[in-house]
2 protein chains.
Amino acid sequence: MKRLKCILSYDGTYFSGYQVQPNKRTVQSEFEEVLMKMHNGQTIKIHASGRTDAHVHAYGQVIHFDTPLNIPADRWKKALNSLLPEDISVKEVQIVPLDFHARFQAVSKEYRYKIIRSQERNVFQRHHAYHFPYPLDYVEMKEAIKYLVGTHDFASFCSAKTEVEDKVRTIYEIEFFEEKDELIFRFVGDGFLYNMVRILVGTLLDVGQGKIKAVEMKNILESKSREKAGKTAPGHGLYLWQVHYDN
Amino acid sequence: MKRLKCILSYDGTYFSGYQVQPNKRTVQSEFEEVLMKMHNGQTIKIHASGRTDAHVHAYGQVIHFDTPLNIPADRWKKALNSLLPEDISVKEVQIVPLDFHARFQAVSKEYRYKIIRSQERNVFQRHHAYHFPYPLDYVEMKEAIKYLVGTHDFASFCSAKTEVEDKVRTIYEIEFFEEKDELIFRFVGDGFLYNMVRILVGTLLDVGQGKIKAVEMKNILESKSREKAGKTAPGHGLYLWQVHYDN
């Protein structure tokens, strides 16, 4: 038995998210279907670093699975890419120790959120970035970020549907930069709650528009109430960018 | 009566090309449907600088049409963008003299062709660039370009289905450059025949791979036979980039 770690990229547009759901097209179900073909009908379960929602993309999602097949890593990559649908691509395959776990051993994750700043819709990016042409006060947004970075209870910044008890997370880095007509946010943290990055983006856009003041971030965090923070930014601007492991 | 010139951008992925065809989704039919709504059921015909094929994109297609409506140009842009489907966007609207013609007055056109050079498929660009990861000899390709630029009979570089008699065209410029993992070709000319840019790209890729020598371009042009040139590169890498007019 061998354990394989794969780095995947997928276009979330036509997926109902990562995780298997009955009668829905998901990344996990498409991937497991390919593995079933390669294993003559045997079910092989895959484990991801975490789920992604409907329409959310991955530039570098990490999964692992166990296989009895004796195939070198580079041939695995070719075989998977030739069988997977065109909106999932395997960027890297590695044979890892049997105690590697894509979720439990992830030490940090990076998400990015892409916003189109041009007045006109960009037809080519319509499923891959959020169109937000309104003025933004970058100075105030940078001020708000200072309150958010660090270790906090992020109860105000996660969906009311979040099931985990412990909502304390550490954000190591938040920054944004412009690239052509895009504004790109980067979030690096030890973990993110359900909808957390999208609510952080929605809140920072409210700050940029003057609807919320930067200094209010402190109260919003302390209130531990979802209603205090801003809107949830749409899923199609979000990318799970990278997952980091110790080794 | 007023004549309006519009610059359009469209994602060709889900269109059977620009021109109206029965029971097909085309750019022209979607646009004319919107105009019909705005004119209370009256048919308004639009005229483009030229057709684009199925899956071919436009960054800057130009069309014109006549309207009895008395609306300022900037309000036209907003109205059209609010009614058009999300894969067509109006970038500019201008009121022009009644003798302006999008096709007959175009003095030159620029096409671009995007190629993804990375080994792995890029899931985000799968409908917007041609994946071609094989080695290319850029020096030999640049040599081939020298034979193609200028005024020639391009009969060897157009589809056998081309209906026009006169196949003499002038190419002012061909160049290519790398941008991240993309290789982008630019073609500027006074006009291009049916499939001409795609056959030029296919031929240049054959040259880059050593299947055709640069010096053979001369014979290929002189042969006036489609079979001598390279393959037709796929439509989804092609963009009608810009159309130039004198005024």
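Since we're looking at a predicted model, the values are computed, not measured.

Conventions used here
- Residues numbered from 1 in each chain as written.
- Chains lettered and ligands numbered in written order.
- Predicted model: local features only at pLDDT ≥ 70, side-chain atom pairs only at ≥ 80, totals over all residues.
- Heavy atoms only, no water.
- Domains from an automatic or database assignment.
- Contact = heavy atoms within 4.5 Å.
- Buried area = accessible area lost by both parts, 1.4 Å probe.
- Salt bridge = Lys/Arg side-chain N within 4 Å of Asp/Glu carboxyl O.
- Polar contact = N/O pair within 3.5 Å; in protein donor to acceptor, adjacent residues only side chain to side chain.
- Helix = DSSP H or I, 4+ residues; strand = E, 2+ residues; numbered from the N terminus.
- Nonpolar A, V, L, I, M, F, W, Y, C, P; charged D, E, K, R; others polar.
- Buried < 20%, exposed > 50% of the residue type's maximum accessible area, 1.4 Å probe, protein only.

Draft legend 1. Region of interest: the domain arrangement of chain A. Residue and element names in this part refer to chain A. Taken domain by domain, chain A comprises domain 1 (2-96) and domain 2 (107-245). Its C-alpha centre places domain 1 at a distance of 27 Å from the equivalent point of domain 2. Contacts between the two partners involve 17 residues from domain 1, matched on the other side by 16 residues from domain 2. Here domain 1 and domain 2 share an interface that buries about 1300 Å² over both sides, 56% of which is from carbon and sulfur atoms. Looking at the side of domain 1 facing domain 2, the largest losses of area belong to Asp53, His57 and Tyr59, adding up to 39% of the total buried there. The residue Asp53 makes a salt bridge to Arg198 at a minimum N-O spacing of 3.4 Å. Applying the counting criterion to the domain 1 and domain 2 interface returns 10 residue pairs in polar contact (both at pLDDT 80 or more). Here the element with the most residues in the side of domain 1 that touches domain 2 is strand S3 (residues 57-67); it accounts for 6 residues. Across the side of domain 1 that touches domain 2, the residue classes tally to 5 nonpolar, 8 polar and 4 charged.

Draft legend 2. Geometry of the interface of chain B and chain A. Counting residues at the interface gives 27 residues for chain B and 27 residues for chain A. Carbon and sulfur atoms supply 47% of the area buried between chain B and chain A, which totals about 2100 Å² over both sides. For the chain B face of the interface with chain A, the top three residues by lost area are Arg121, Phe124 and Arg126 of chain B, together amounting to 36%. On the surface where chain B and chain A come into contact, there are 8 salt bridges. Close ionic contact of Arg126 of chain A with Glu86 of chain B constitutes a salt bridge, the shortest N to O distance being 3.4 Å. Seen at the junction of chain B and chain A, the total is 21 residue pairs in polar contact (both at pLDDT 80 or more). Of all the elements in the fold, those that place two or more residues in the side of chain B that touches chain A are strand S1 (2-10), strand S3 (57-67), helix H2 (73-83) and strand S4 (88-96) of chain B. The dominant element in the side of chain B that touches chain A, judged by the number of residues it contributes, is S4 of chain B, at 4 residues.

Draft legend 3. The arrangement of the pattern of salt bridges in detail. Following the criterion strictly, the structure yields 32 salt bridges over all chains and no others. Among the ionic pairs, Lys146 of chain B bridges to Glu143 of chain B, the shortest N-O distance being 3.3 Å. You can see Lys146 of chain B and its partner Glu143 of chain B sitting in helix H3 (residues 138-148), 3 residues apart, about one turn around the helix. Taking relative accessible area as the criterion, Lys146 of chain B reaches 60% and is therefore assigned exposed. With a relative accessible area of 32%, Glu143 of chain B lands in the partly exposed category. Across the salt bridge formed by Asp153 of chain B and Lys224 of chain B, the nearest N and O atoms sit 3.9 Å from each other. In this pair, Asp153 of chain B sits in strand S7 (residues 150-153) while Lys224 of chain B sits in the loop between helix H5 (217-223) and strand S10 (238-245), placing the two residues 71 residues apart along the sequence. Bridged by salt links that share partners, the residues Glu110, Arg112, Glu173, Glu175 and Arg186 of chain A form one connected network.

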